[in-house]
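# Overview (structure and organization)
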Amino acid sequence: MGGSPILPAPTVAMAALMLLLVLLAPPVTVAKGSGLSVGFYKKLCPKAEKVVRRTVTKAFEKEPGTPADIIRLFFHDCFVRGCDASVLLESTPGSMAERDSKANNPSLDGFEVISDAKETLEKLCPQTVSCADILALAARDGAFLASGLDYAVPTGRRDGLVSKEAEVLPSVPHPDFNHSQLVENFTAKGFTAEEMVTLSGAHTIGTSHCSSFTDRLYNFSQGGALSTDPALPAAYAARLKEKCPPETAAQNDTTMVQLDDVTPFVMDNQYYKNLLDGTVALRSDVALMESPDSAALVELYAREPAEYWAKRFVAAMVKVSEMEVLTGGQGEIRLNCSKADEGRKFILEFSEEGDMLHVIRGGPWQYRDDAFLVEMLHPGADPAAVPFTHVPMWVQFREIPFYLLTKKMARRLADEVGTLIMIDNKSRGSIFDKFLRARVQLPLYTDLQKFLKLEDKITGEEVQVQLRYERLPNFYLFCGFIGHMEARCDLHPTARKIDVSQDLRVPAVHFDDPRAWYLAEDMGQPRYRNGVEVFGPWRPAAPTASPSSQITAVAKVADEVAKLSVNSNKNVNSDKPASTTSAATSSNTTAEAVETDTVLGVSTPSAAGGNIVWGSSGSCDS
């Protein structure tokens, strides 16, 4: 491995080949069942909801407009990519984030409240509570502080990795929408027209920038002339003009007015009363009166006690909180709500295609027994958008009748475990203990399978095929998840019974890759020459080797690597990995190539603490 050193993401080198790496370290919280549930953090982080409420309350005591800020922040997050906290991510060079869309900047606020809660929770329960959950809980707590409304919020969301400014305007309702446009926008997100009217009641608190409605004050077209919207009561229009002179129409103007100037900091049904009186500033609010059905609901909410609307508002807010959520192994748990994969993504550059192919085919790579995952990253691709959902692994299928040790059976069994990459065609094991062997993309965040059952059509008996995994990374004995650990498992202590065994992990069989001789010995079985066990030159043959012999071994490494060459068009295995051939054959690997091959890596805090960086030290040892 040579070329450039590790580059921090989101830098994307313009390279011919790229790989993406992620260290699947234990502190990843994954709920078995992969769904939302009330009280998700009851065991994982018991004080999580209390911390969020305390943080929001503290902010509310300083600024009474905090509830409105957070509820709007939550709404704008969920309407773009779902409730994944993508609205919290900051823009990076060459990539504008949602928060910098003109629909959000400068009008969105409340970011610091979520950051404060996250900072406290990271100290209390590291990398456990997602920013998406913090935002959903904070919106609930804001409603509670402004109205006394309290309700249960299902949690278990994970944070998104992508935030794009261009996706905001097509997703969120605009302040100048008419009724048809509002209905189209809400129904596209799965809401009814009734729920649209109900959620609009959030405008009973909060503010609006003058630029969102100055057209109604100065540029309303009527009979070819520009004037004030006649739907605005004269006295109300005069008050708005006093606060919002013509110059406040500029997009970057920060002048704001209260949406409800009767009870501006209380969530009640005053908004609907204002609608009936015409004393609302936004065109989209007035639009609710354009439809008889919507207007009738406005009148109902205005006439009935505030609790009548509040009950329906709570149900609609819970529905919003469940929009397109990420759960289980999707997304991540951010360390910093404004940055995806902060401090854990890296780009590695190669000068030889063969080295990159070796990294792809040589996995699963490990650091302190944690999986180091690898994905292809194509030129121009966004590193943050590449998902890590599988780990490649050689799987052994044992205790199979000898007449079933066929390539067809290997494919069938491999398909039951994951996605087949390739089959090892050579016989393995002794004559009394042969087994099939296949390289499989093993799905993460699912239980490791211990055995498979198949029917022997010759004898009619059921055969239980035992599974063994070569170089199996850390996994939790209770739930069988790779990269999991006890402190992050959501199983109740009384339900924590050993379900899998360390026996699932077996030594690796020697690879067919002709360069496998120089891998670290724990990558494969030791080789024998004239009856003597021989190791590759990466390590001395014996632990007691003298310094001089170690220096000789290092010299051998340099000598052998200098001679080493790999023909990317040569099929080193009988079944070539389909996932690597397309990119490999399109690359320039001659000595004159000026482009470099790039690997992007991600590390998370390991069990021993600290962040791990896989550097270009020249060693392929994991």
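Residues numbered from 1 in each chain as written. Predicted model: local features only at pLDDT ≥ 70, side-chain atom pairs only at ≥ 80, totals over all residues. Heavy atoms only, no water.

Looking only at helices and strands, the protein features 16 helices and 18 strands. In the protein, buried positions account for 49% of the 622 residues. Sequence-distant contacts in the protein: of pairs separated by 6 or more residues, those separated by 24 or more amount to 74%. For the protein, the accessible area works out to roughly 28,100 Å², and carbon and sulfur atoms hold 53% of it. (Helix = DSSP H or I, 4+ residues; strand = E, 2+ residues; numbered from the N terminus. Buried < 20%, exposed > 50% of the residue type's maximum accessible area, 1.4 Å probe, protein only. Contact = heavy atoms within 4.5 Å. Areas by Shrake-Rupley, 256 points an atom, 1.4 Å probe, with all protein chains shown as cover.)

Further remarks concern the nonpolar core. Membership of the largest hydrophobic core comes to 77 residues, with the highest contact counts inside it found for Phe 74, Leu 88 and Tyr 272. Ranked by residue count, the leading element in this core is helix H4 (residues 131-147), at 10 residues. Apart from residues no more than four positions distant in its own chain, Phe 74 is found in contact with Cys 83, Leu 135, Ala 136, Ala 139, Met 317, Val 320 and Ser 321. (Core = buried A, V, L, I, M, F, W, Y, C linked by side-chain atoms within 4.5 Å.)

What follows concerns the state of the cysteines. Following the criterion strictly, the structure yields 4 disulfides and no others. Bridging Cys 45 to Cys 125, the disulfide has an S-S length of 2.1 Å. A torsion of 80° about the S-S bond marks the disulfide between Cys 45 and Cys 125 as right-handed. Here Cys 125 lies in the loop between helix H3 (111-124) and H4 and Cys 45 lies in the loop between strand S2 (17-24) and helix H1 (48-62), a separation of 80 residues in the sequence. This pair shows no difference in class: Cys 45 is buried, exactly as Cys 125 is. Each sulfur of the disulfide joining Cys 131 and Cys 337 lies 2.1 Å from the other. Note on the Cys 131 and Cys 337 pair: the S-S dihedral is about -95°, so by sign convention the disulfide is left-handed. (Disulfide = S-S within 2.5 Å.)

This part takes up unusual backbone geometry. Across the junction of Asn 105 and Pro 106, the peptide omega takes the value 15°, indicating a cis bond. Examined against the element boundaries, Pro 106 turns out to sit in the loop between helix H2 (66-78) and H3. Here the phi dihedral of Arg 81 falls at roughly 70°; this positive angle occurs in a residue that is not glycine. Checked against the element boundaries, Arg 81 lands in the loop between H2 and H3. Despite not being glycine, Gln 127 has its phi angle at roughly 45°, a positive value. Along the chain, Gln 127 falls in the loop between H3 and H4. On the basis of relative accessible area, Gln 127 is assigned to the buried category, the value being 5%.

The next subject is the pairing of strand S12 (residues 436-443). The element S12 is largely enclosed, with a buried count of 7 among its 8 residues. Pairing geometry for strand S10 (residues 390-398) and S12, over 8 bridges, is antiparallel. Residue pairing for S12: His 390 is matched across the bridge by Pro 443. Summarising the sheet, strand S11 (residues 419-423) and S12 pair through 4 bridges and their orientation is antiparallel. Within S12, the position partnered with Met 422 by the bridge is Arg 439. (Pairing = 2+ DSSP bridges.)

Right, let's get into H4. Under the 1.5 Å per step criterion, the end-to-end length of H4 is 24 Å for 17 residues, consistent within 8% with the ideal 24 Å. Counting buried residues along H4, 14 of its 17 residues qualify, which places the element largely inside the surrounding structure. One or two positions beyond H4, positive phi appears at Gly 148, with a value near 90°. (Expected span 1.5 Å × (residues − 1).)

In total, this model carries 11 aromatic pairs according to the counting rule given. Geometrically, the ring pair formed by Phe 79 and Phe 186 is edge-to-face, given 5.4 Å between the ring centres and 65° between the ring planes. In this pair, Phe 79 is assigned in the loop between H2 and H3 and Phe 186 in helix H5 (residues 179-188), connecting sequence segments 107 residues apart. Each member of the pair, Phe 79 as well as Phe 186, is classed as buried. Ring geometry for Trp 309 and Phe 313: centres 4.9 Å apart, planes at 35°, overall tilted. (Phe/Tyr/Trp six-rings, centres within 6.5 Å; stacked < 30°, edge-to-face > 60°.)

Glancing now at the environment of Lys 453. One can find Lys 453 in strand S13 (residues 451-455). On the accessibility criterion, Lys 453 (51% relative accessible area) is exposed. With 40 residues separating them along the chain, Lys 453 and Leu 413 place their C-alpha atoms 9.5 Å apart. With near-sequence residues (within four places) excluded, Lys 453 lies in contact with Glu 462, Val 463 and Gln 464.

Turning our eyes to something else, we now look at the pairing of S10. With 7 of 9 residues buried, S10 is to be regarded as a mostly interior element. With 4 bridges connecting them, S10 and strand S14 (residues 462-470) associate as antiparallel partners. Bridge pairing in S14 links Val 395 to Tyr 469.

Across the interface, helix H6 (residues 193-200) lies against helix H11 (residues 292-303) with an axial gap of 10 Å and an inter-helix angle of 45°. Judged on the interaxial angle alone, H11 and H6 are oblique. At the point where H6 passes H11, the crossing takes the right-handed sense. For the pair H6 and H11, the contacting residues are Glu 194, Met 196, Val 197 and Thr 198 in the first and Ser 294, Leu 297, Val 298 and Tyr 301 in the second. By residue class, the composition of the contact of H6 with H11 is 5 nonpolar, 2 polar and 1 charged. (Axes fitted to C-alpha atoms, helices over the stretch in contact; angles between N-to-C directions. Parallel < 35°, antiparallel > 145°, perpendicular 65-115°, else oblique. Left-handed = near helix turned anticlockwise from the far one by under 90°. Nonpolar A, V, L, I, M, F, W, Y, C, P; charged D, E, K, R; others polar.)

Our focus in this paragraph is the environment of Thr 459. Within the secondary structure, Thr 459 sits in the loop between S13 and S14. Using a relative accessible area of 44% as the deciding quantity, one classes Thr 459 as partly exposed. Looking at Thr 459, its side chain comes within polar contact range of the main-chain nitrogen of Glu 461, at 3.2 Å. (Polar contact = N/O pair within 3.5 Å; in protein donor to acceptor, adjacent residues only side chain to side chain.)

Taken together, the side chains of Glu 63, Asp 109, Glu 112, Asp 116 and Glu 119 make up a negatively charged region of the molecular surface. Here Glu 119 shows up in helix H3. (Patch = residues over 30% accessible without salt bridge, like charges linked within 9 Å, V, L, I, M, F, W, Y side chains within 5 Å. Salt bridge = Lys/Arg side-chain N within 4 Å of Asp/Glu carboxyl O. Lys, Arg positive; Asp, Glu negative; His and termini not counted. Charge placed at Lys NZ, Arg CZ, Asp CG, Glu CD.)

Mapped onto the fold, Asp 285 is located in helix H10 (residues 283-286). Excluding anything up to four places from it in sequence, Asp 285 contacts His 203, Tyr 271, Leu 275 and Val 280.

Taken together, the side chains of Phe 402, Tyr 403 and Ile 458 make up a nonpolar region of the molecular surface, amounting to roughly 370 Å² of accessible area. Its place among the elements puts Tyr 403 in the loop between S10 and helix H14 (407-417).

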